[in-house]
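Listed below are the residues making up each chain.
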Amino acid sequence: MGWRGASRYYSDGYREGFALECQALRRVREEMGLTNVIVMIPFCRTLEEADKVLEVMAAAGLRRGENGLKVYVMAEIPANILLAQDFAERFDGFSIGSNDLTQLTLGVDRDSEALAHVFDENDPAVTDLIRILLPRVQTLGRPVGLCGQRPSDDPAYAAFLVRVGIDLISVAPDSFAAVKQHVAVAEESRYGEDRMVPVGIRPAQADQPSAA
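Residues numbered from 1 in each chain as written. Predicted model: local features only at pLDDT ≥ 70, side-chain atom pairs only at ≥ 80, totals over all residues. Heavy atoms only, no water.

Turning our attention to the state of the cysteines. Here the structure, examined in full by the defined rule, presents zero disulfides. Free cysteine C44: the closest other cysteine sulfur is in C22, separated by 14 Å. C44 supplies the cysteine sulfur nearest to C147, a cysteine that is in no disulfide, at a spacing of 17 Å. You can call C147 partly exposed: its relative accessible area is 34%. (Disulfide = S-S within 2.5 Å. Buried < 20%, exposed > 50% of the residue type's maximum accessible area, 1.4 Å probe, protein only.)

Below you can see the structure in the form of C-alpha cells.
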C-alpha cells in the first residue's frame, strides 16, 4: 500500500512533483487543445484527501469544471464504495481498480505466492462491492468503468460486468479483440440483437482518463 496515490499530491514531500504533473496537464489541455483529457486520482483513501487534492489542483490552474475539466477517482478501496455518494459529489466518474479492490477487500497481498489461491476478483465480497457501487453513483450521473485483467481472461467476468451495467471496460491493447467479443456475446444475451447501450471498451493506453 504505502505512500502513493492521492496522499502524495498534497504532501510537502511531493508537492513540487505534482505541480509539474499539473503543469503538463495544463499544457496538454490548453496549448495542445486536448480538452477531452480527463484527470484520474488513484488511491484516494478519504473524503478529506479528495478535497485536498482538488484544492491543490485548483491552485495549480486545474479547477474541476473549468474549461470542461473532468476529474475521476479510482474505486479501489472499500471506503470508495461505502462512501460512494460522497465521493460522487467531488468527482465526475469512477474507475474500478479490480486488483487493488480485491487485495484490500480480502486482505490478500496479490504478489504473495502463498496466498495466490485466495486472491480472486470473482469473490462474492468483491463482486458485491461492484454491485453496490454502480447504482449509487450512476443515478447521480457518474459513469463507472473497470480497469483490470480479469475481463480479458474470463468471459464470465465480462458477462458479469455487462449484467451489472458497467459503462466502460479498460483492457490491455493485446486483449482488446477478445474482450470485445466477450462483451458482445454478453450484451446479446442480455439485450438481444437490438442492444442500444453497449459497454465501451478501450485499450488502456488510448483515450483514457490520465492518472494525475
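To continue, consider the pattern of salt bridges. Under the definition given, this model contains eleven salt bridges. The salt bridge partner of R26 is E30, with a shortest N-O separation of 3.1 Å. A residue pair is termed a helical-turn pair when its members lie 3 or 4 positions apart in one helix, as R26 and E30 do in helix α2 (residues 15-31) at four residues. For E30, a relative accessible area of 45% puts it in the partly exposed group. Linking E66 and R63 is a salt bridge whose minimum nitrogen-to-oxygen distance equals 3.5 Å. Residue classification places R63 among the partly exposed positions, given a relative accessible area of 43%. One connected set of salt bridges, linked through shared partners, spans D51, E89 and R90. (Salt bridge = Lys/Arg side-chain N within 4 Å of Asp/Glu carboxyl O. Helix = DSSP H or I, 4+ residues; strand = E, 2+ residues; numbered from the N terminus.)

Turning next to the packing of aromatic side chains. Under the criterion given, the structure shown has two aromatic pairs. Measuring from ring centre to ring centre gives 4.4 Å for Y9 and F18, while their planes differ by 10°; the resulting arrangement is stacked. Both rings, one in Y157 and one in F160, keep their centres 5.6 Å apart while their planes meet at 50°; by these two values the pair is tilted. Taken together, the residues Y157 and F160, both in helix α9 (residues 155-164) and three residues apart, mark about one turn of the helix. (Phe/Tyr/Trp six-rings, centres within 6.5 Å; stacked < 30°, edge-to-face > 60°.)

Turning next to unusual backbone geometry. Trans peptide bonds make up most of the peptide bonds, and negative phi angles are found at most residues other than glycine. The phi dihedral of F43 is positive, around 45°, even though this residue is not glycine. Among the structural elements, F43 can be located in the loop between β1 (39-41) and α3 (47-59). A positive phi angle, near 55°, is found at N67, a position not held by glycine. Owing to a relative accessible area of 53%, N67 belongs among the exposed residues under this scheme.

The next thing to look at is the pairing of strand β3 (residues 93-97). In terms of burial, β3 is largely enclosed, as five of its five residues are buried. Side chains G93, S95 and G97 project from β3 onto one buried face, and the interleaved F94 and I96 project onto a second face that is buried too. Where strand β2 (residues 71-75) meets β3, four bridges bridge the pair, whose relative direction is parallel. Bridge pairing links Y72 to G93 in β3. Here β3 runs beside strand β4 (residues 144-147); their pairing, made up of four bridges, is parallel. Each residue of the ladder has a partner; that of F94, found in β4, is V144. (Pairing = 2+ DSSP bridges.)

End to end, helix α10 (residues 176-191) covers 22 Å across 16 residues, agreeing with the expected 22 Å (1.5 Å per residue, within 8%). By the burial criterion, the buried members of α10 are V179, H182, V183, A186 and E187. Each buried residue of α10 sits inside an arc of 130° when the element is viewed along its axis, so together they form one side. Turned more than 90 degrees away from the buried face of α10 sit A177 and S189, all of them exposed. Looking at the residues trailing α10, positive phi occurs at G192, about 85°. (Expected span 1.5 Å × (residues − 1). Arc of directions from axis to C-beta.)

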